[in-house]
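Residues per chain are reported as follows:
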Amino acid sequence: MSETYDGRAFINGARTPAIGQLTFDCISPVDGRLLTQVARCTEADIDAAVAAARAAFEDKRWCGMPPAARKRVMIKFADQLLIHAEELALMETLDMGKPIKYSKAVDVNSAANCIRWYGEAVDKIYDEIAPTASTALALITREPMGVVGVIVPWNYPMIMAAWKIAPALAAGNSVVLKPSEKSPLTALRLAELAIEAGIPPGVFNVVPGYGPEAGSPLALHMDVDCIGFTGSTRVGKQIHVMAGQSNLKRAWTELGGKSPNIVFADCPDLDKAVEAAVGSIFFNQGESCNAPSRLFVEASIQEQFLEKAVALAPKFAPANPLNPDTIMGAIVDKTQMDTVLRYVESGKSQGASLLYGGEQALSETGGCYVQPTIFAGVKPEMKICCEEIFGPVLSVMGFTDAAEVVRQANASMYGLQAAVWTRDINRAHGIARALRAGTVHVNQYDEDDITVPFGGYKQSGVGRDKSLHAFDKYTETKTTWIRIDSPV
Ligand code: NAD
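All of the points below concern the structure found in this document. (Residues numbered from 1 in each chain as written. Predicted model: local features only at pLDDT ≥ 70, side-chain atom pairs only at ≥ 80, totals over all residues. Heavy atoms only, no water.)

1. Some words on the overall build of the protein chain
Right, on to step 1. Looking only at helices and strands, one finds 14 helices and 24 strands in the protein chain.
Right, on to step 2. Here the protein chain has a C-alpha radius of gyration of 23 Å; the compact-globule value for 488 residues is 23 Å, and the two agree.
Right, on to step 3. In terms of overall dimensions, the protein chain has C-alpha extents of about 75 × 60 × 40 Å along its principal axes.
Right, on to step 4. A separation threshold of at least 6 residues defines the contact pool for the protein chain, and within that pool the share at least 24 residues apart is 75%.
Right, on to step 5. Carbon and sulfur atoms make up 54% of the accessible area of the protein chain, which totals about 19300 Å². (Helix = DSSP H or I, 4+ residues; strand = E, 2+ residues; numbered from the N terminus. Rg over C-alpha atoms; globule rule 2.2 N^0.38 Å. Contact = heavy atoms within 4.5 Å. Areas by Shrake-Rupley, 256 points an atom, 1.4 Å probe, with all protein chains shown as cover.)

2. A look at the pairing of strand S12 (residues 260-263)
Strand residues, when the strand is regular, have side chains that alternate between the two faces of the sheet.
Right, on to step 1. Here S12 shows no split at all, with Pro260 and Ile262 on one side and Asn261 and Val263 on the other all buried.
Right, on to step 2. Note that S12 and strand S13 (residues 294-298) share four bridges and pair parallel. In the sheet register, asparagine 261 faces S13, and the bridge partner there is leucine 295.
Right, on to step 3. Between the parallel elements S12 and S13, the chain passes through helix H9 (residues 270-282) in a crossover that is right-handed.
Right, on to step 4. Here S12 runs beside strand S20 (residues 417-421); their pairing, made up of three bridges, is parallel. The partner of valine 263 across the bridge, within S20, is tryptophan 421. (Buried < 20%, exposed > 50% of the residue type's maximum accessible area, 1.4 Å probe, protein only. Pairing = 2+ DSSP bridges. Right-handed = clockwise from strand over helix to strand, strands pointing away.)

3. Regarding the pairing of strand S18 (residues 393-399)
Right, on to step 1. Judged by how many residues are buried, S18 sits mostly within the fold: six of seven residues are covered.
Right, on to step 2. Direction of pairing for strand S17 (residues 373-376) relative to S18: parallel, over a ladder of three bridges. Paired with threonine 373 across the two strands is valine 393, which belongs to S18.

4. Section: the site of the ligand
Right, on to step 1. Not every one of the 29 residues close to the ligand is listed here, only the nearest: Val152, Glu181, Ser232, Leu255 and Glu388.
Right, on to step 2. Between the ligand and serine 232 there is a distance of 2.6 Å, counted from an oxygen atom to a side-chain nitrogen or oxygen.
Right, on to step 3. For the ligand, the protein covers 91% of the area, taking 850 Å² as the surface of the free molecule.
Right, on to step 4. When residues of the shell around the ligand are assigned to their parent elements, the largest contribution, four residues, is made by helix H8 (residues 233-245).
Right, on to step 5. Residues of the shell around the ligand, tallied by class, amount to 15 nonpolar, ten polar and four charged. (Near = heavy atom within 4 Å. Polar contact = N/O pair within 3.5 Å; in protein donor to acceptor, adjacent residues only side chain to side chain. Nonpolar A, V, L, I, M, F, W, Y, C, P; charged D, E, K, R; others polar.)

5. Structural notes on the side chain of aspartate 95
Right, on to step 1. Mapped onto the secondary structure, aspartate 95 falls in helix H3 (residues 85-96).
Right, on to step 2. Of the buried charged residues, aspartate 95 lacks a salt bridge, with arginine 33 as the closest side chain of opposite charge at 11 Å.
Right, on to step 3. The residues contacting aspartate 95, other than those within four sequence positions of it, are Cys26, Ile27, Pro29, Leu35, Lys182, Ser183, Pro184 and Leu185. (Lys, Arg positive; Asp, Glu negative; His and termini not counted. Salt bridge = Lys/Arg side-chain N within 4 Å of Asp/Glu carboxyl O.)

6. Some details on the packing of aromatic side chains
Right, on to step 1. Within this structure, the stated rule accounts for nine aromatic pairs.
Right, on to step 2. Geometrically, the ring pair formed by phenylalanine 77 and phenylalanine 204 is tilted, given 6.4 Å between the ring centres and 55° between the ring planes. Here phenylalanine 77 is found in helix H2 (residues 67-83), whereas its partner phenylalanine 204 is found in strand S9 (residues 204-206), with 127 residues between them in sequence. For the pair phenylalanine 77 and phenylalanine 204, a shared accessibility class is recorded, and that class is buried. (Phe/Tyr/Trp six-rings, centres within 6.5 Å; stacked < 30°, edge-to-face > 60°.)

7. Focus: the packing of helix H4 (residues 100-121) against helix H5 (residues 157-170)
Right, on to step 1. Packing of H4 against H5 brings their axes to within 9 Å, and their N-to-C directions diverge by 10°. By the angle between their directions, the pair H4 and H5 is classed as roughly parallel. For the pair formed by H4 and H5, the contact residues are Val106, Asp107, Val108, Ser110, Ala111, Cys114, Ile115, Tyr118 and Gly119 on the first element and Met158, Ile159, Ala162, Trp163, Ala166, Pro167 and Ala170 on the second. (Axes fitted to C-alpha atoms, helices over the stretch in contact; angles between N-to-C directions. Parallel < 35°, antiparallel > 145°, perpendicular 65-115°, else oblique.)

8. Focus on the sheet that holds strand S21 (residues 439-442)
Right, on to step 1. Across the sheet, which stays open at both edges, the seven strands sit in the order S14-S17-S18-S13-S12-S20-S21 with mixed pairing between neighbours. Because the sheet does not close on itself, it has two edges, and the strands there are strand S14 (353-356) and S21. Across the sheet, the mean angle from the axis of one strand to that of its neighbour is 20°, orientation sign disregarded.
Right, on to step 2. Contacts from helix H10 (residues 299-312) reach S12, S13, S14, S17 and S18 within the one sheet, and its direction differs from that of S13 by about 130°.
Right, on to step 3. With respect to the sheet, helix H13 (residues 402-410) is in contact with S12, S13 and S18, its orientation differing from that of S13 by roughly 175°.

9. Focus: helix H11 (residues 334-349)
Right, on to step 1. In this model, H11 (16 residues) spans 22 Å end to end at C-alpha, consistent with the 22 Å of a helix rising 1.5 Å per residue.
Right, on to step 2. Considered for burial, the residues of H11 that qualify are Gln336, Met337, Thr339, Val340, Leu341, Tyr343, Val344, Ser346 and Gly347.
Right, on to step 3. Considering only its buried residues, H11 is in contact with strand S15 (360-361), strand S16 (369-370), S17, helix H12 (383-386) and S18.
Right, on to step 4. A positive backbone phi angle near 100° is found at glycine 351, which sits one or two residues after H11. (Expected span 1.5 Å × (residues − 1).)

10. Points about the packing of H9 against H10
Right, on to step 1. As a packed pair, H9 and H10 sit with axes 10 Å apart at the nearest point and diverge in direction by 55°. Considering the angle they form, H9 stands oblique to H10. With respect to the hand of their crossing, H9 and H10 are arranged in right-handed fashion. Contacts between H9 and H10 pair Leu270, Asp271, Ala273, Val274, Glu275, Ala277 and Val278 from the former with Ile301, Gln304, Phe305, Lys308, Ala309 and Leu312 from the latter.
Right, on to step 2. Tallied by class, residues from the contact of H9 with H10 come to nine nonpolar, one polar and three charged. (Left-handed = near helix turned anticlockwise from the far one by under 90°.)

This is the structure in structure tokens:
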């Protein structure tokens, strides 16, 4: 299979170099190889992409199509991803380091499913008529916003893009997508596949580049009506400021997490709880916003739990992600690997006990790999407990009191996800209600479906991706009053 990739931007239906002719290196974290040169878009490119998106919206080449016709094109778009699954999966793995096993089974499939689901939904949603007096008719209709800017991170490049572009496009908007500079390749390919599926030129544009050079001009743009952002809380806050500084575009943010996972001694299946705790923090090299990175284990089972967790950890030893058996691949780049290793050092120096891992691995490959890492004896004030590491590092704490563990679980600026393991149904419901998180898992951590909202409380963001609720982010609500002078 060809590994020569086209890194040019995609504007108005065609590949195009950055107007300033600048590029940046796209390096694979698998082995340090140069994959391609990628267009380094700046304000002029963003202006061109937004102008193309605006023209497409104004002449109604997409939003004017009947919903059933848009549906058919969206479904074809989803099919295109599946037809090109091998190619997209390889590209994703080479670009960001995740195991090929998951690039295809998880990333390509989820992105395709998401695009299909929103396509299928769009001709099944009705508008409303308000229950007003009979002298008038009040229609409540949903209309596309216009031009939607989308900025996404590198951890699930295709899925994060799909969660936003699918509802935005299905609702009739035009989109300008800025992928992460660390993983831009699949987004660019998606734009080509969209055109092949019948999405008209100008409706879906992709502008790779660095955050301050390409992301900021998009967030500040006066002709962008809405910005959908997934990334860090630090940048997410800037996105809301930029929206306010410019045209008060609608701003929706899916941000960081430091999710607590609480295991009581009466959990229904200790082995399953251990597998979920370990498997979920090490999945995707720990580069998941919802990874359960703070683990609270009831003191009476802590020793047994940790023994089992440490015994499982070697299964996640990092290996070449192109090997179909690999379940832990490479960290996205050297900068992120160094960040993870710095957190490991801080855990050690602040007095946590390192039970497993903590070292860089496979350095001879030229790639970026970190061992799965488990710390016990973690204290709430330690950096590895408070800050999002975004790497394969599990911080374990013991507890004896239910009220106190809930207080500690909630003592975080984040509120993305949480979990509780117990056989006691009252305790499960009570704690699920008390946890301040957008999603709470009970006796499992891996359920996920496009039908349910995904997003955070507190500084984990504003708004929800996935489910029909996502349409709220990319549509305006219009009220139309019609006077009725009844002749009878
Ligand atoms: P990041 O915030 O550094 O970057 C995200 C995107 O924003 C990138 O495309 C980047 O180029 C762009 N960006 C950076 N600076 C910008 C600026 N000044 N103006 C405009 N755009 C800018 O995040 P990351 O390192 O790519 O991703 C990791 C973060 O994403 C983690 O915090 C993780 O929790 C979060 N995340 C959240 C979710 C969720 O659904 N809540 C999902 C995945 C990842």
